[in-house]
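The lines below spell out each chain.
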Amino acid sequence: MSEHSKPDLLKVLSGETLKRPPVWFMRQAGRYLPEYRALRATAPDFISFCLNPEMAAEATLQPMRRLPFSASIVFADILLIPGALGQKVWFEAGEGPKLGELPSLDALEGEIEASTFKLTPVGQTLSLVRAALEPERALIGFAGAPWTVASYMIEGGSSDRSKARTFAYERPEDMDRLLDIVARASVRYLAMQAEAGAQVLKLFESWAEGLPEDLFERIVCKPHRTIIKGLRDLGVDTPIIGFPRGASSMAQHYADTVDVQSVALDTACPAHVGQAIQKTKAIQGALDPLLLRAGGPALDRRVEQLLDQWGDGPYILNLGHGILPDTPIAHVEQVLKRVTGQ
Ligand code: CP3
């Protein structure tokens, strides 16, 4: 890759500070776009949509056509892994994900190898997108991090995670084994994504909040290290972004002990925590999706503040969590204009 066409995102992930940071948004493909809603209406259900490479590639590319994002994230979902491991997963309109009974750990273990093959459509999506995307724009693959995925598997859907945390206390060995099973399936899945064209890999730990220090280390940091070591042992040298959402001041411990190239920060992250992490790695974040939806001069002021407080080090502008479905597209354009100058 010539230095000229190396995507800005990859430059920042290798430690460079750019005058204008790269920018992309979590859930940049999705319901705030009318063309997404039209495409989604043609799919029988959300999981088959994610596993249809032509449709998923189209959804991935939709925001790239109309907006100057620096990077594209493959259209898929963190709950494809439990499905591929043999647990029933479905989405009910307006209710979010639902999962069937947790299979036995032996049954899940027995499905690890087959799970990667069931997810090859995601690799095909990545290849289709990479072929269509300009070389200056990076392509991101992802997986849910083990604790977040395991918590959905235990809870059977969205909740406050108390059942999954109780499981971690009452059945520590089973929890560690479940995390390890998800981690091993994720290593294979992410390696497949890198081979298919993902230039960056992201680990979504959406439920890192509210954990005591010892549990944060055991169920968040340790499984992240298992995944990264697994990938490096397979020779996958793709840069990795870790997103321990809600880690609060433990984001620093995460940055110190997990060998990611970048830590994605959530909306509650103070300037100084990001600056401290930035001394050793790139950071990403942390615009509030509610402020993006609200828009107006307060949105411009916050974008200026983020550029000001973090722009002197390796920084990727992004939201602190996913874009909300009722966000006006004009607000997204407003931020991108401010950041890219386009
Ligand atoms: O554009 C992108 O960011 C790529 C696609 C993407 C989706 N989900 C598509 C999606 C990514 C990266 C995810 C990750 C994901 N999925 C996470 C981690 C990030 C986070 O938000 O914390 C989680 C927890 C999930 C699980 C999940 N998927 C939930 C809880 C829901 C329902 C909530 C909701 O927003 O409706 C989904 C559904 C989902 N995943 C949608 C999209 C576009 C909406 C479904 C639809 O269009 O009908």
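Described in the following lines is the structure provided in the data block. Since the structure is predicted, the reported quantities are computational estimates derived from the model, not experimental observations.

About the criteria used
Residues numbered from 1 in each chain as written. Predicted model: local features only at pLDDT ≥ 70, side-chain atom pairs only at ≥ 80, totals over all residues. Heavy atoms only, no water. Buried < 20%, exposed > 50% of the residue type's maximum accessible area, 1.4 Å probe, protein only. Helix = DSSP H or I, 4+ residues; strand = E, 2+ residues; numbered from the N terminus. Pairing = 2+ DSSP bridges. Right-handed = clockwise from strand over helix to strand, strands pointing away. Salt bridge = Lys/Arg side-chain N within 4 Å of Asp/Glu carboxyl O. Axes fitted to C-alpha atoms, helices over the stretch in contact; angles between N-to-C directions. Left-handed = near helix turned anticlockwise from the far one by under 90°. Contact = heavy atoms within 4.5 Å. Nonpolar A, V, L, I, M, F, W, Y, C, P; charged D, E, K, R; others polar. Phe/Tyr/Trp six-rings, centres within 6.5 Å; stacked < 30°, edge-to-face > 60°. Lys NZ or Arg CZ within 6 Å of the ring centre and 35° of its normal.

## Observations regarding the pairing of strand β5 (residues 200-205)
- Among the six residues of β5, six are classified as buried, and the element is accordingly described as predominantly covered.
- Residues Val200, Lys202 and Phe204 point to one face of β5 and Leu201, Leu203 and Glu205 to the other, with burial holding for every one of them.
- When strand β4 (residues 138-144) meets β5, the two strands line up parallel, connected through five bridges. When the bridges of β5 are listed, Ile140 appears paired with Val200.
- The sheet contact formed by β5 and strand β6 (residues 240-244) spans five bridges and is parallel. Opposite Leu203, over in β6, you have Gly242 as the bridge partner.
- Note on the crossover from β5 through helix α12 (residues 213-233) to β6: the handedness is right-handed.

## Side note on the pattern of salt bridges
- Under the criterion given, the structure shown has 18 salt bridges.
- Between Arg66 and Glu35 there is a salt bridge; the shortest N-O distance is 2.9 Å. Linking Arg66 in helix α4 (residues 53-66) with Glu35 in helix α2 (residues 34-40), this pair joins segments that are 31 residues apart in sequence.
- A relative accessible area of 36% places Arg66 in the partly exposed class.
- Residue class for Glu35 comes out partly exposed when judged on its relative accessible area of 23%.

## Comments concerning the packing of helix α11 (residues 172-196) against α12
- Where α11 meets α12, the axes come as close as 9 Å, and the angle between the chain directions of the two elements is 35°. When you trace α11 past α12, the crossing you get is right-handed. Contacts from Pro172, Met175, Asp176, Leu179, Asp180, Ala183, Ser186, Val187, Leu190 and Ala191 in α11 reach Arg218, Ile219, Pro223, Thr226, Ile227, Gly230 and Leu231 in α12.
- Residues belonging to the contact of α11 with α12 are distributed by class as follows: 11 nonpolar, three polar and three charged.

## Looking at the pairing of strand β8 (residues 282-287)
- Most of β8 is tucked away, with six of its six residues classed as buried.
- Pairing between strand β7 (residues 262-264) and β8: three bridges, direction parallel. Of the residues in β8, the one forming a bridge with Val263 is Ile283.
- The β-α-β motif built from β7, the intervening helix α14 (residues 271-278) and the parallel element β8 has right-handed crossover chirality.
- In the sheet, β8 pairs with strand β9 (residues 315-319) via five bridges, with the strands oriented parallel. Its bridge partner lying in β9, Gln284 is registered against Ile316.

## What about the packing of aromatic side chains?
- Under the counting rule described, the total for this entry stands at nine aromatic pairs.
- The interplanar angle of 85° and the centroid separation of 5.3 Å between the aromatic rings of Phe142 and Phe204 together place this pair among those described as edge-to-face. One end of the pair, Phe142, is in strand β4; the other, Phe204, is in strand β5, with 62 residues separating them in the sequence.
- Of the residues examined, Phe204 reaches a relative accessible area of 12% and is grouped as buried.
- These aromatic residues form a ring-pair network of at least three members: Tyr36, Phe46, Phe49, Phe75 and Phe91.
- Taking NZ or CZ as reference, Lys88 lies 4.5 Å from the ring centre of Trp90, over its face.

## Overview of the environment of Ile140
- With respect to the helices and strands, the residue Ile140 is situated in strand β4.
- Accessibility expressed as a relative area gives 0% for Ile140, which makes it buried.
- Remark: the alpha-carbon pair of Ile140 and Gln278, spanning 138 residues in sequence, is separated by 21 Å.
- Setting aside anything within four residues of it in sequence, one finds Ile140 in contact with Leu9, Trp24, Ala71, Ser72, Ile73, Val74, Leu126, Ala198, Val200 and Lys202.

## Thoughts on the environment of Arg232
- Structurally, Arg232 can be placed in helix α12.
- Judged by its relative accessible area of 29%, Arg232 is partly exposed.
- Along the backbone, Arg232 and Tyr315 are 83 residues apart, and their C-alpha atoms lie at a distance of 24 Å.
- Look past the residues within four positions of Arg232 in its chain and what remains in contact with it is Asp237, Thr238, Pro239, Ile240 and Gln261.

Don't take any of this as a statement about function, it's just geometry.
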